[in-house]
Amino acid sequence: MAPHGGALVNRLVQADPREYAHLPALELSERGYADLELIATGVYSPLEGFLGEADYRSVVERLRLASGLPWSLPITLSVPKAEARRYRGTVRLTRGGETVGLLEVAEQYEPDRHREALEVYRTTDPAHPGVAALLAQGEVNLAGRVSLFRLDRGEFPRYHFTPRETRALFRGWRTVVAFQTRNPIHRAHEYLHKVALEHLDGLFLNPLVGATKADDVPARVRMRAYEVLLERYYPPDRVVLGVYPAAMRYAGPREAILHAISRKNYGCTHFIVGRDHAGVGSYYGPYEAQEIFEAFRPEEIGIEILKFEHTFYCRTCGSIVSARTCPHDREHHLILSGTRVRELLRSGAPLPPEFTRPEVAEVLRAAYQTI
């Protein structure tokens, strides 16, 4: 699978951070650092840095870079207007006060945050977590190429891969399907994986482990759930587990496109998009994240989208089904919302084995006893 735009970006450089101590420092947020890493390692190819004004406005208005290449979310770095004059030329990027990379500032501009909220998130409601983050940003965007001095493999070093590394891991597979969720793994997810594996060579389980909402299940719990599931229920020679270090933006359909492009850059040929992908609340329709891909020719995105309807356990069918395969009405179905699952876990009540594997249920139960 060719990277998006044709070449895999690499902005990882060997450097001594002490050589840049004289430069003005810009402290990155958790999301800002995640974006820096994803640009530098090529996950966000063809981006080599934070978007300039022409690319920014084109992405917001047309879902394309100024070159015409599909791109759905503005990857930007902002500062307060009162501080913008400090950041000229080369800027030292810091995380926790430690120098982690550089930004070559080529441009400064003021984004239209109201337009961005309407186009990207389809709302200006500050209750939307993506809009809230946007409104909290500075008034000036800094644009330019970035460099990252060292890859921090974070909390999950065994599973923290770059696109060059995943492409090596996938060698020998002609087709690889990627799956992402920010939620704990359950039987309906497992069903999607195994349906896909009936037709494709490999499965890349790529849970998002960057910043999420406070009430989302912590990444360490979700990763442990994946581990216990893979130990017993998946063919080890056909599955790779690796983290996706991006922060959630909760941009629904637009974020689904970025997630697909990222997996293309990891080397995948297919990407699963289910119900309400990257959604939050009721801001998006349940299948808009699938429908948005129809705005592009398949070769423009370059990764095949596997579209699945909502799946659930039917007590009468005795299996995981969807509305396409089950003739029974809702009273026969076991459907638990994320909110209901969290309520059961907090109360210490067991999760039904039809909903999730007992091993996964135990991981979640133990975690919620300590949260």
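Read on for an overview of the structure. If you're wondering where the values come from, they're calculated on a predicted model, not measured in any experiment.

## Section: the overall build of the protein
In step 1: The helix and strand inventory of the protein stands at 12 helices and 15 strands.
In step 2: By principal-axis analysis of the C-alpha atoms, the protein measures approximately 65 × 45 × 40 Å.
In step 3: The burial tally for the protein puts 56% of its 371 residues in the buried class.
In step 4: On the protein, roughly 16,300 Å² of surface is accessible, and the fraction owed to carbon and sulfur atoms is 48%.

## As for the environment of Gln14
In step 1: In this fold, Gln14 is placed in the segment before strand 1 (25–27).
In step 2: Taking the C-alpha atoms as reference points, Gln14 and Tyr244, separated by 230 residues in sequence, lie 23 Å from one another.

## Some thoughts on the nonpolar core
In step 1: Among the nonpolar cores identified, the biggest contains 72 residues, and Tyr44, Trp71, Leu103 and Phe293 are the most heavily contacted of them.
In step 2: A per-element tally of this core places helix 8 (residues 253–266) first, with 6 residues.
In step 3: If we skip the residues at most four places from it in the chain, Phe293 touches Ala256, Ile257, Ala260, Val273, Ile301 and Ile305.
In step 4: Phe179, Leu241, Ile320 and Ala367 belong to the second-largest nonpolar core, a separate cluster that totals 43 residues.

## Description of the sheet that holds strand 13 (residues 311–314)
In step 1: One open sheet holds the 3 strands; their spatial order is 14-13-15, and the pairing between them is antiparallel. Edge positions in the sheet fall to strand 14 (319–322) and strand 15 (333–334), since each has one partner strand and no second.
In step 2: Two elements, strand 13 and strand 14, share 4 bridges in a ladder whose sense is antiparallel. Looking across to strand 14, one finds that Cys314 is bridged to Ser319.

## Examining the pattern of salt bridges
In step 1: Taken as a whole and assessed by the stated rule, the structure comprises 27 salt bridges.
In step 2: Residues Glu300 and Arg297 are paired through a salt bridge, measuring 3.8 Å at the closest nitrogen-oxygen approach.
In step 3: Residue class for Arg297 comes out partly exposed when judged on its relative accessible area of 49%.
In step 4: Across the pair Glu362 and Arg365 runs a salt bridge whose closest N-O atoms are separated by 2.7 Å. Here Glu362 and its partner Arg365 are both found in helix 12 (residues 358–370), 3 residues apart, which amounts to about one turn of the helix.
In step 5: A relative accessible area of 33% means that Arg365 is categorised as partly exposed.
In step 6: Here the salt bridges do not stand alone but share partners, grouping Arg64, Arg297, Glu299 and Glu300 into one network.

## A look at the environment of Thr181
In step 1: Relative to the elements of secondary structure, Thr181 occurs in the loop between strand 8 (176–179) and helix 6 (187–197).
In step 2: Under the relative-accessibility criterion, Thr181 is labelled buried at 8%.
In step 3: Thr181 has contacts with His189, Pro207, Leu208, Arg222 and Tyr226, leaving out every residue within four places of it along the chain.
In step 4: A distance of 2.9 Å separates the side chain of Thr181 from the backbone nitrogen of Asn183, its partner in a polar contact.

## So, the pairing of strand 11 (residues 270–273)
In step 1: Burial of the side chains of strand 11 extends over both faces: His270 and Ile272 are buried on one face and Phe271 and Val273 on the other.
In step 2: As judged from the 2 bridges shared by strand 8 and strand 11, these two strands associate in the parallel manner. Across the sheet, residue Ala178 finds its bridge partner in strand 11, namely Phe271.
In step 3: Bridging between strand 11 and strand 12 (residues 304–307) involves 4 bridges; their strand directions are parallel. If you follow Ile272 over to strand 12, its bridge partner there is Leu306.

## Points about empty space enclosed by the protein
In step 1: One pass over the full model with this rule turns up 1 cavity of 30 Å³ or more.
In step 2: In this structure, the largest cavity spans a volume of roughly 70 Å³.
In step 3: When residues in the lining of the largest cavity are grouped by element, the largest group, 3 residues, is from helix 3 (residues 113–121).
In step 4: In the lining of the largest cavity, the residues fall into 5 nonpolar, 2 polar and 3 charged.

## Quick look at the state of the cysteines
In step 1: Scanning the entire structure with this criterion turns up 0 disulfides.
In step 2: The cysteine Cys317 is free of any disulfide, with Cys314 supplying the nearest cysteine sulfur at 3.7 Å.
In step 3: Residue class for Cys317 comes out partly exposed when judged on its relative accessible area of 31%.

## Considering the sheet that holds strand 10 (residues 239–241)
In step 1: Strand order across the open sheet formed by 5 strands is 10-9-8-11-12, with parallel pairing between neighbours. Whereas interior strands pair on both sides, the edge strands pair on one side only; in this sheet they are strand 10 and strand 12. For this sheet, the mean inter-axis angle between neighbouring strands, taken without regard to orientation, is 25 degrees.
In step 2: Along the sheet, helix 7 (residues 219–233) contacts strand 8, strand 9 (202–205) and strand 10; its crossing angle with strand 10, the most-contacted strand, is approximately 155 degrees.

What counts and how
- Residues numbered from 1 in each chain as written.
- Predicted model: local features only at pLDDT ≥ 70, side-chain atom pairs only at ≥ 80, totals over all residues.
- Heavy atoms only, no water.
- Helix = DSSP H or I, 4+ residues; strand = E, 2+ residues; numbered from the N terminus.
- Buried < 20%, exposed > 50% of the residue type's maximum accessible area, 1.4 Å probe, protein only.
- Areas by Shrake-Rupley, 256 points an atom, 1.4 Å probe, with all protein chains shown as cover.
- Core = buried A, V, L, I, M, F, W, Y, C linked by side-chain atoms within 4.5 Å.
- Contact = heavy atoms within 4.5 Å.
- Pairing = 2+ DSSP bridges.
- Salt bridge = Lys/Arg side-chain N within 4 Å of Asp/Glu carboxyl O.
- Polar contact = N/O pair within 3.5 Å; in protein donor to acceptor, adjacent residues only side chain to side chain.
- 1 Å grid on protein atoms, 1.4 Å probe; cavity = no way out; pocket = protein on both sides within 12 Å on 5 of 7 lines; lining within 4 Å.
- Points joined across faces, edges and corners; volume = space filled by probe spheres on them.
- Nonpolar A, V, L, I, M, F, W, Y, C, P; charged D, E, K, R; others polar.
- Disulfide = S-S within 2.5 Å.
- Axes fitted to C-alpha atoms, helices over the stretch in contact; angles between N-to-C directions.

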